[in-house]
Amino acid sequence: MIPRAFEYVRPSSLSEAIALLAQGGEGAKLLSGGHSLLPMMKLRLADPSTLIDVSELTDLRGITIGTNEIVVGAATTHAELEHHAELASVAPMFAVVGHQIADPTVRNRGTIGGSLAHADPSADWPAAMLALDATIDIVGANGPRSIAADSFFKGLFETDLASDEIIVRLRIPMGPGQRVAYRKFRHPASGYAVVGVAVALGVQAGRCTGGRIAVTGFADHVYRAKAAEAALAGYTGQPEQTGHLLDLAFDGIAALEDRFADADYRTQLGRTMLRRALADAMSTDGSH
Ligand SMILES: Cc1cc2nc3c(=O)[nH]c(=O)nc-3n(C[C@H](O)[C@H](O)[C@H](O)COP(=O)(O)OP(=O)(O)OC[C@H]3O[C@@H](n4cnc5c(N)ncnc54)[C@H](O)[C@@H]3O)c2cc1C
């Protein structure tokens, strides 16, 4: 449980961090909250020669609420997102999801950017970012680029991020009248989602006009349940409609199996979490 020796550097600017990452090659790793990377180093599942600490970089910090979008710095902690009152009033998903991550110790250090880059198949923020249709701004030695969260997650702990790139911020569009909900079945030890479901629905006069459904913990990576999304228009919460959406969200998806949940149990949990999330979103009046 002791990591190998490594160098630690704390760049004072984003450009310095990019240069250090490029110079360090495959041996260099970004350090943000350290709550995924350090456990992996202790288990010798990661073996970086240099840690580049980006947790205090101004460019990666902060929450800005604009008219058309919310901008969240990659090094914003889970706790900052959980407790930001103005953010909670315009985008309740952040407080709801932030509160459900692990425990206060993890939430005080862990960051949203670290969570997305790590891409644990059971992490919470990836599902929330897919449901909220976030865009991820990235910068590397070859310059900046942006990618839809929906295209970012590629597989088990695998993303579109190159080893010389840094997630700088997330941009979340502000949708009028959008209702959101997040339900997860927590692993009793870690708090990770055995299955978690985030939904963002447009609802007018009790009838769904469309939306997004994102599932974490169920498959080898977070996914949008697009067949179910395509059937959302006209949804009023009737049980038979709900059952159809549950079938569309989970049928044909290869479920993870582990010591905690086999495929059948995980499927039942997923269906239950989606049913509850849909009921929450249809019955509340979340403004985002
Ligand atoms: C006991 C425990 C319980 C947990 N329970 C949960 C839970 O319930 N739900 C949940 O979602 N998570 C959970 N986590 C994980 C936690 O949320 C981590 O904070 C998160 O996965 C990683 O964020 P970090 O800032 O700690 O990243 P780090 O550990 O610092 O880094 C993780 C990876 O991301 C890379 N990285 C970091 N920042 C950037 C960046 N800006 N750009 C590009 N790459 C970057 C690093 O190089 C590294 O590869 C738990 C962790 C622990 C230890």
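Residues numbered from 1 in each chain as written. Predicted model: local features only at pLDDT ≥ 70, side-chain atom pairs only at ≥ 80, totals over all residues. Heavy atoms only, no water.

## A closer look at the overall build of the protein chain
Keep this limit in mind: Every helix listed is a DSSP run of H or I at least four residues long, and every strand listed is a run of E at least two residues long, numbered separately from the N terminus. Radius of gyration: C-alpha atoms only; globule rule: 2.2 Å multiplied by the number of residues to the exponent 0.38. Under the scheme applied here, a residue whose accessible area is under 20% of the maximum for its type counts as buried, over 50% as exposed, and between as partly exposed, the area being computed with a 1.4 Å probe on protein chains only. Should any heavy atoms of two residues lie within 4.5 Å, those residues are counted as being in contact. Here the Shrake-Rupley method, with its probe set to 1.4 Å, supplies the accessible areas, and only the displayed protein chains count as covering residues. Within this scheme the basic residues Lys and Arg register as positive and the acidic residues Asp and Glu register as negative, but His and the chain ends are omitted. Lysine's charge is taken at NZ, arginine's at CZ, aspartate's at CG and glutamate's at CD.
Looking only at helices and strands, the protein chain has 12 helices and 14 strands in total. Taken over the C-alpha trace, the protein chain has a radius of gyration of 19 Å; the compact-globule value for 288 residues is 19 Å, and the two agree within 12%. For the C-alpha atoms alone, the extent of the protein chain along its principal axes is close to 60 × 45 × 35 Å. Out of the 288 residues belonging to the protein chain, those deemed buried represent 48%. Relative to all contacts within the protein chain whose residues are 6 or more apart in sequence, the contacts with residues 24 or more apart total 62%. As presented, the protein chain carries roughly 12900 Å² of accessible surface, and 51% of it is formed by carbon and sulfur atoms. Side chains of the protein chain give 25 positive and 32 negative charges; the mean places of these two sets differ by 4 Å.

## Points about the pattern of salt bridges
Using the following cut-off: Criterion for a salt bridge: a side-chain nitrogen of Lys or Arg within 4 Å of a carboxyl oxygen of Asp or Glu.
Tallied over the entire structure, the rule returns 16 salt bridges. Residues D137 and R169 are paired through a salt bridge, measuring 2.9 Å at the closest nitrogen-oxygen approach. Of this pair, D137 sits in strand β6 (residues 135–140) while R169 sits in strand β10 (residues 165–173), and the two are 32 residues apart along the sequence. For R169, a relative accessible area of 31% translates into the label partly exposed. Of the charged contacts, one joins R224 and D150 as a salt bridge, the two residues approaching to 3.6 Å between their closest N and O atoms. Residue R224 is found in strand β14 (residues 223–224), and its partner D150 is found in helix α9 (residues 149–152); the two are separated by 74 residues along the sequence. By relative accessible area, R224 is classed as buried at 18%. Through salt bridges that share partners, E69, D137, R169 and R171 make up one connected network.

## A few points about the pairing of β10
Formally: Two strands form a pair only when DSSP identifies at least two bridges running between them.
One ladder, built from 5 bridges, connects strand β5 (residues 69–73) with β10; its direction is antiparallel. Within β10, the position partnered with G73 by the bridge is R169. As paired strands, β6 and β10 are joined by 6 bridges and run antiparallel to one another. For G140, the partnering residue across the bridge sits in β10 and is E165.

## Quick look at the side chain of T242
Positionally, T242 belongs in helix α11 (residues 239–250). In this structure T242 comes out as buried when scored by relative accessible area, which is 7%. Apart from the residues lying within four places of it in its own chain, the contact partners of T242 are Y235, G237, R275 and L278.

## A few points about the nonpolar core
For clarity, the threshold we go by: Grouping buried Ala, Val, Leu, Ile, Met, Phe, Trp, Tyr and Cys residues that are joined through side-chain atoms within 4.5 Å yields what is termed a nonpolar core.
Within the largest apolar cluster, 51 residues are counted, with the highest numbers of intra-cluster contacts made by F94, W125 and M129. If one sorts the elements of this core by residue count, helix α8 (residues 125–131) sits on top with 6 residues. Non-local contacts of M129, meaning those with residues more than four positions away in its chain, are made with F94, I112, L116, A134, A149, L170 and I172. Formed by 29 residues, the second largest nonpolar core is a distinct cluster that contains Y223, L246, A277 and L278.

## Quick word on the domain arrangement of the protein chain
Defined as follows: Those domain boundaries reflect an automatic or database domain assignment. In short, buried area is how much 1.4 Å probe accessible area vanishes from two parts on joining, totalled over both.
When the domains of the protein chain are assigned, the result is domain 1 (7–52), domain 2 (59–173) and domain 3 (178–283). Taking only C-alpha atoms, the centre of domain 1 and the centre of domain 2 are 19 Å apart. With 12 residues of domain 1 in contact, the opposing surface of domain 2 contributes 17 residues. Of the roughly 1200 Å² buried where domain 1 meets domain 2, counting both sides, 73% is carbon and sulfur surface. Ranking the residues of domain 1 by area buried against domain 2 places L14, I18 and H35 at the top, with a combined share of 43%. On the surface where domain 1 and domain 2 come into contact, there are 0 salt bridges.

## Considering the site of the ligand
The condition that has to hold: Note on definitions. A residue lies near a molecule or strand when any single heavy atom of the residue is within 4 Å of it. The definition of a polar contact used here is a pair of N or O atoms within 3.5 Å, where within protein one atom must be able to donate a hydrogen and the other to accept one, and adjacent residues in sequence count solely through side-chain atom pairs. Side-chain classes are defined by residue name, with Ala, Val, Leu, Ile, Met, Phe, Trp, Tyr, Cys and Pro counting as nonpolar, Asp, Glu, Lys and Arg as charged, and the others, Gly among them, as polar.
In the vicinity of the ligand lie 31 residues, with L30, S36, L37, T111 and D124 positioned nearest. The contact in question runs from an oxygen atom of the ligand to an N or O atom on the side chain of K29, over 3.1 Å. Note that an oxygen atom of the ligand is positioned 2.6 Å from one of the side-chain N or O atoms of S36. About the coverage of the ligand: the protein hides 91% of its 970 Å² of free accessible area. Breaking the shell around the ligand down by element, the ones donating at least two residues are β2 (28–31), α7 (112–118) and β10. By residue number, the principal contributor to the shell around the ligand is α7, which donates 4 residues. Considered class by class, the residues forming the shell around the ligand number 14 nonpolar, 13 polar and 4 charged.

## Some remarks on the side chain of Q178
Looking at the element boundaries, Q178 is found in strand β11 (residues 178–186). Within the structure, the side chain of Q178 is placed 2.9 Å from the side chain of R212, a separation counted as a polar contact.

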